[in-house]
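Chain by chain, the residues:
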Amino acid sequence: MGNHGISVIIPNYNGRHILPQVLPSLLEALANSGLPNEVIVSDDCSDDQSVEYLNQSFPSIITIENKMNRGFSPTINRGIQEARYEYVLLLNSDVKLSPDYFAGLMRYFEREDTFGVMGRIIGWNDDAIQDAAKYPRFAGAKIKTTGNYYASTPKKTDWLYSMYLSGANAFVSRTKLLALGGFDEIFAPFYVEDFEISLRAWRLGWKCYYEHFAVCRHQTSLTIKSKSSKTYINSIYYRNKMFLHAMHLSGIQLFLWYIQLIPETIIRLLTLRFYYLRSVKYFFKNRKRAAQSRQKFATMAQSTGTMLSVQQVVSLIKRSLKDIDIKRF
């Protein structure tokens, strides 16, 4: 167990324009937590004077720099290694915390099997909910990575599971993060890595939760959209979803997923979505690396004596909701 306190890790790429709006609210929320804390900005080779701004305006913030642009997983992994405290908030550079964000979060770590908890994400300029607890579901053999829910009548005593913790605001155990080996860098530059690490945690018997009363505001994917074309973003996103399946499905379900991939590719080609073909190409080119990640996790799980299937995780979460009235979106 690490030191009792909070380390906030912010992966940053060219966030100079928004950091002045995000950091004051973060520092206020940390002060209100009453716990020792630190803020680490892991900079992914920004060229907008982000680091210079941080050093001048927020000298208490720890800044680490990539010498070349590497993407989300490698950048946030550097921050995790540098963190001093046991409770780690993984926070996007375009997320603004409410003053009492941490108030209801520490109770989750009173349970030994907690991996982490995420809060409610609302709009930057409105209260529309962007993200809540992640609802597990399949389309055929395919794991769906979208779908949210929350209790129709939220209570501060709720214990709602989340299929995964959004990388925008995930409050997690550093000890368990390190045990998992951090985020898998096969997913660089971005997308799906938060689902995958959460799924590893679930399959080891650890739990991911959602706290409705921990609120933050989010500007959607400003950094990614500013540096990448829509075609490139889509090709990486679908490639990474393929990695997720190859790494975590097994037996007949994995076989059926590969079969399902064939008509899905044909349909996208017929509808001129050629980026999907690029995704398939990227996936098969790196399939051996995905197999290595799969084997590494299997070895770790064998040493712990626990390895749930994806279906078992989904069933566990759905059973927990049997007597709860929820809203899905």
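So, how was this worked out
Residues numbered from 1 in each chain as written. Predicted model: local features only at pLDDT ≥ 70, side-chain atom pairs only at ≥ 80, totals over all residues. Heavy atoms only, no water. Helix = DSSP H or I, 4+ residues; strand = E, 2+ residues; numbered from the N terminus. Rg over C-alpha atoms; globule rule 2.2 N^0.38 Å. Buried < 20%, exposed > 50% of the residue type's maximum accessible area, 1.4 Å probe, protein only. Contact = heavy atoms within 4.5 Å. Areas by Shrake-Rupley, 256 points an atom, 1.4 Å probe, with all protein chains shown as cover. Lys, Arg positive; Asp, Glu negative; His and termini not counted. Charge placed at Lys NZ, Arg CZ, Asp CG, Glu CD. Pairing = 2+ DSSP bridges. Salt bridge = Lys/Arg side-chain N within 4 Å of Asp/Glu carboxyl O. Patch = residues over 30% accessible without salt bridge, like charges linked within 9 Å, V, L, I, M, F, W, Y side chains within 5 Å. Arc of directions from axis to C-beta. Core = buried A, V, L, I, M, F, W, Y, C linked by side-chain atoms within 4.5 Å. Polar contact = N/O pair within 3.5 Å; in protein donor to acceptor, adjacent residues only side chain to side chain.

Remarks on the overall build of the protein
Across its full length, the protein holds eleven helices and 15 strands. What you see for the protein is a C-alpha radius of gyration of 19 Å, in line with the 20 Å of a compact globule of 329 residues. With the principal axes as the frame, the protein shows a C-alpha extent of 55 × 45 × 40 Å. Counting over 329 residues, the protein shows a buried share of 57%. Contacts in the protein between residues far apart in sequence, at least 24 positions, make up 80% of those at least 6 positions apart. Of the roughly 14,700 Å² of accessible surface on the protein, 52% is carried by carbon and sulfur atoms. Separation of charge centres in the protein, based on 41 positive and 28 negative side chains, amounts to 10 Å.

A word on the sheet that holds strand β8 (residues 133-134)
Here we have three strands laid out as an open sheet, ordered β8-β11-β15, and antiparallel in their pairing. In this open sheet, the two edge strands, each paired with only one partner strand, are β8 and β15 (326-328). Strand direction decides the pairing type here: strand β11 (residues 148-151) and β15, joined by three bridges, are antiparallel. Among the inter-strand pairings, Tyr150 is bridged to a residue of β15, identified as Lys327.

Quick notes on helix α3 (residues 72-82)
With respect to burial, α3 is a largely interior element, eight of its eleven residues being buried. Buried within α3 we find Phe72, Ser73, Pro74, Thr75, Ile76, Asn77, Gly79 and Ile80. Residues of α3 that are buried in the fold lie against β1 (3-12), β2 (37-43), β3 (62-65), β4 (85-91), α4 (174-180) and α5 (193-203).

Here we look at the pairing of β4
Extensive coverage of β4 is indicated by the burial of seven of its seven residues. Where β1 and β4 come together, five bridges link them in parallel fashion. Paired with Asn3 across the two strands is Tyr85, which belongs to β4. Note that β4 and strand β13 (residues 169-173) share five bridges and pair antiparallel. When the bridges of β13 are listed, Leu89 appears paired with Phe171.

Examining the pattern of salt bridges
Summed over the entire model, instances satisfying the criterion amount to ten salt bridges. Ionic pairing is found between Glu196 and Arg200, a salt bridge with its closest N-O pair at 2.8 Å. Placement of both Glu196 and Arg200 in helix α5 is noted, with a separation of four residues, approximately one turn of the helix. Note on accessibility: Glu196 and Arg200 belong to one class, buried. Measuring nitrogen to oxygen at the nearest pair gives 3.9 Å for the salt bridge that ties Arg268 to Glu264. On the criterion of helical spacing, the pair formed by Arg268 and Glu264 is a turn pair, its members being four residues apart in helix α8 (residues 251-270). Each member of the pair, Arg268 as well as Glu264, carries the same accessibility label: buried. Each of the salt bridges in this network shares a partner with another, and the network as a whole consists of Lys142, Glu264 and Arg268.

So, a nonpolar patch on the surface
Together, Ile252, Phe255, Leu256, Ile259, Ile262, Ile266 and Leu270 line one region of the surface with nonpolar side chains, adding up to about 720 Å² of accessible area. Looking at the secondary structure, you find Ile252 in helix α8. Under the relative-accessibility criterion, Ile252 is labelled exposed at 59%.

A word on helix α2 (residues 50-57)
What α2 keeps buried is the set Ser50, Val51, Tyr53 and Leu54. Projected down its long axis, α2 carries its buried residues within an arc of 160 degrees, all on one side. Of the surrounding elements, those touching the buried residues of α2 are β1, α1 (19-33), β2 and β3.

Regarding the nonpolar core
Of all hydrophobic cores here, the largest spans 97 residues; its most connected members are Leu97, Phe102 and Phe115. Other than its neighbours up to four places away in sequence, Leu97 contacts Ser25, Leu26, Ala29, Leu89, Leu91, Phe102, Val215 and Cys216.

Things to note about the side chain of Thr145
Positionally, Thr145 belongs in the loop between β10 (142-143) and β11. In terms of polar contacts, Thr145 uses its side chain to reach the side chain of Tyr237, at 3.0 Å. Contacts of Thr145, omitting those with residues within four sequence positions, involve Tyr164, Phe195, Tyr237, Lys241 and Leu244.

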